[in-house]
Amino acid sequence: MPHQQRSAPRLSRDSDAEDIVTLLAPRLAYFAGVARTEHVTRAAQEMGIPQSTLSRALVRLERDLGVDLFARRGRTVSLTPAGRTFLGSVERALGEVERAAESVRADADPATGKVAFGFLHTMGSETVPGLLRAFRADHPRVRFSLVQNYGEAMLERLRAGELDLCLTSPVPDAPDLVARRLDEQRLRLVVPDDHRLATRKRVRLAEAADEAFVTLEPGYGLRRITDDLCQEAGFKPRVAFEGEEAETLRGLVAAGLGVALLPPPAVRRPGVVELTVTGQRAVREIGVAWLGGHPDTPPVAAFKEFLLSRKGKLLQQTGAGPQAELGPQARISPSGD
């Protein structure tokens, strides 16, 4: 039978989408269940709800839409043309909800869940692969989504809910974040191997005051540390080149284009000499940060506990080289440091 418009619909064409979703969403599964069985009593039994509750929900749904969705013959019902049109969209919507629920449940599974983990680029070749290998010895099926970036960008992604944890420097001090210092790296003055200071083992940073520096771009944690250490040594660095990745800077130093303050390399770079800086504390602190007030899933909680247990030994040699296996489910998004 052709469907008829009901009088005085609850929702008008100008109703906000949020209002429509609020009114309709709880009733969509009821509608789909009745449409599937074409019998109100049977659908109520399958869904484990009273028949009266189901019948009232369908009446309210039709009233809110202002359209008959079912043609009724006693307790047996059949879809109207409008009902068939509505059912197709409802089934797709419910399918998306089901897939979303399965996804978040899978990510939270203690044995096979997922951790979104960010870290500094300079920690990507040795430190992080070694950490992941050690963690997966006890949690072999936990999956990782890995992001390499500089500190401020990772903190933004923490706040956006895109990361669960990140290793960063400097250790952030912000009211919405929780951060714990884990370790520190001693920075070296890196000079070309034919540089006037290359025969030295130790140097005061002030001795490089007249040199051209190659540094990371403003906004990077290591750039701020470099600027602060140079200011402490009594000069402002004359920056010749700015980059996004520490090993590129080391290559620029090897080419004779300047000097740089850098953490130790994963693999020794020919063409440069790395000098110990004396007279001031030339280090960068490494810490783990997460968004405060947000509950952890079991895999995130386990990895957080593991990282905190590495305090004071995070940067020790782990035996994991650049080719260390991260497992088939790891995904890396490269960026800067």
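Everything below is about the structure shown above.
Residues numbered from 1 in each chain as written. Predicted model: local features only at pLDDT ≥ 70, side-chain atom pairs only at ≥ 80, totals over all residues. Heavy atoms only, no water.

(A) Seen up close, the overall build of the protein chain. Check the secondary structure of the protein chain and you find nine helices and 14 strands. Burial status across the protein chain gives 44% buried among its 337 residues. For the protein chain, the share of sequence-separated contacts (at least 6 apart) that also reach a separation of at least 24 residues comes to 75%. Total accessible area computed for the protein chain in this model is approximately 17700 Å², and 48% of it derives from carbon and sulfur atoms. (Helix = DSSP H or I, 4+ residues; strand = E, 2+ residues; numbered from the N terminus. Buried < 20%, exposed > 50% of the residue type's maximum accessible area, 1.4 Å probe, protein only. Contact = heavy atoms within 4.5 Å. Areas by Shrake-Rupley, 256 points an atom, 1.4 Å probe, with all protein chains shown as cover.)

(B) Representation of helix 5 (residues 127–136). Counting buried residues along helix 5, eight of its 10 residues qualify, which places the element largely inside the surrounding structure. Taken as a whole, helix 5 has its buried residues at Thr127, Val128, Pro129, Gly130, Leu131, Leu132, Phe135 and Arg136. Check the buried side of helix 5 and you find it contacts strand 3 (114–119), strand 4 (143–148), strand 5 (165–168) and helix 9 (298–309).

(C) How the structure looks around empty space enclosed by the protein. Summed over all chains, the structure comprises one cavity of 30 Å³ or more. As a volume, the largest cavity reaches approximately 40 Å³. Together, Val214, Thr215, Leu216, Leu222, Arg223, Thr226, Leu249, Ala260, Leu261 and Leu262 line the largest cavity. For the lining of the largest cavity, the elements supplying multiple residues, two or more each, are strand 9 (212–216), helix 7 (221–232) and strand 11 (260–262). (1 Å grid on protein atoms, 1.4 Å probe; cavity = no way out; pocket = protein on both sides within 12 Å on 5 of 7 lines; lining within 4 Å. Points joined across faces, edges and corners; volume = space filled by probe spheres on them.)

(D) Structural detail: the layout of surface pockets. Its boundaries defined by the atoms lining it, the second largest pocket holds a volume of some 380 Å³. In this structure, the second largest pocket is lined by 18 residues; those nearest its centre are Gly161, Leu163, Asp164, Thr297 and Val300. Listing elements by their share of the lining of the second largest pocket, those giving two or more residues are helix 4 (81–108), strand 3, strand 13 (283–291) and helix 9. Tallying contributions element by element places helix 4 first for the lining of the second largest pocket, with three residues.

(E) Layout of the packing of aromatic side chains. This structure, assessed with the given rule, holds 11 aromatic pairs. Centre to centre, the rings of Phe117 and Phe119 are 5.8 Å apart; their planes meet at 40°, and the pair counts as tilted. Taken as a pair, Phe117 and Phe119 share a single burial class, namely buried. Ring centres 4.9 Å apart and planes at 80° place the aromatic pair Phe117 and Phe303 in the edge-to-face group. Pair noted here: Phe117 is in strand 3 and Phe303 is in helix 9, with a separation of 186 residues, a long-range link. (Phe/Tyr/Trp six-rings, centres within 6.5 Å; stacked < 30°, edge-to-face > 60°.)

(F) Representation of the nonpolar core. Ranked by size, the top nonpolar core spans 36 residues in total, and within it Phe117, Phe144, Leu165, Leu167, Phe303 and Leu307 carry the most contacts. Of all the secondary structure elements, the ones that give two or more residues to this core are strand 3, helix 5, strand 4, helix 6 (151–159), strand 5, strand 6 (177–186), strand 13 and helix 9. Those residues in contact with Phe117 that lie beyond four places of it in its chain are Val128, Phe144, Ser145, Leu146, Val147, Leu163, Leu165, Cys166, Leu167, Phe303 and Leu307. Core analysis: the second largest hydrophobic core is formed by 30 residues, Leu229, Leu249, Val253 and Val259 among them. (Core = buried A, V, L, I, M, F, W, Y, C linked by side-chain atoms within 4.5 Å.)

(G) The arrangement of the sheet that holds strand 12 (residues 272–278) in detail. Reading across the sheet, the four strands line up as 8-12-7-11 and stay open at both edges, with mixed pairing between neighbours. At either end of the open sheet lies a strand with only one pairing partner, and these are strand 8 (202–204) and strand 11. Across this sheet, the average inter-strand angle for adjacent strands is 45°, counted without regard to direction. Bridging between strand 8 and strand 12 involves three bridges; their strand directions are parallel. By the bridge assignment, Arg202 is partnered in strand 12 with Thr276. (Pairing = 2+ DSSP bridges. Axes fitted to C-alpha atoms, helices over the stretch in contact; angles between N-to-C directions.)

(H) Molecular detail of the pattern of salt bridges. Applying the stated criterion across every chain yields a total of 18 salt bridges. Here Asp107 ties to Arg143 by a salt bridge, and the two come within 3.0 Å at their closest N and O atoms. Of this pair, Asp107 sits in helix 4 while Arg143 sits in strand 4, and the two are 36 residues apart along the sequence. Between Glu274 and Arg250 there is a salt bridge; the shortest N-O distance is 2.7 Å. Of this pair, Glu274 sits in strand 12 while Arg250 sits in helix 8 (residues 246–254); the two residues are 24 residues apart in sequence, bridging distant segments of the chain. With relative accessibility at 22%, the residue Glu274 sits in the partly exposed group. Under the relative-accessibility criterion, Arg250 is labelled buried at 0%. One network of salt bridges, in which partners are shared, links Arg181, Glu184, Arg281 and Glu285. (Salt bridge = Lys/Arg side-chain N within 4 Å of Asp/Glu carboxyl O.)

(I) Representation of the packing of helix 5 against helix 9 within the structure. It is at 11 Å that the axes of helix 5 and helix 9 come closest, and there the two elements cross at 120°. Our pair here, helix 5 against helix 9, has a crossing hand that is right-handed. Touching Leu131, Leu132, Ala134 and Phe135 of helix 5 are Pro299, Ala302, Phe303, Phe306 and Leu307, all from helix 9. Taken together, the residues of the contact of helix 5 with helix 9 break down into nine nonpolar, no polar and no charged. (Left-handed = near helix turned anticlockwise from the far one by under 90°. Nonpolar A, V, L, I, M, F, W, Y, C, P; charged D, E, K, R; others polar.)

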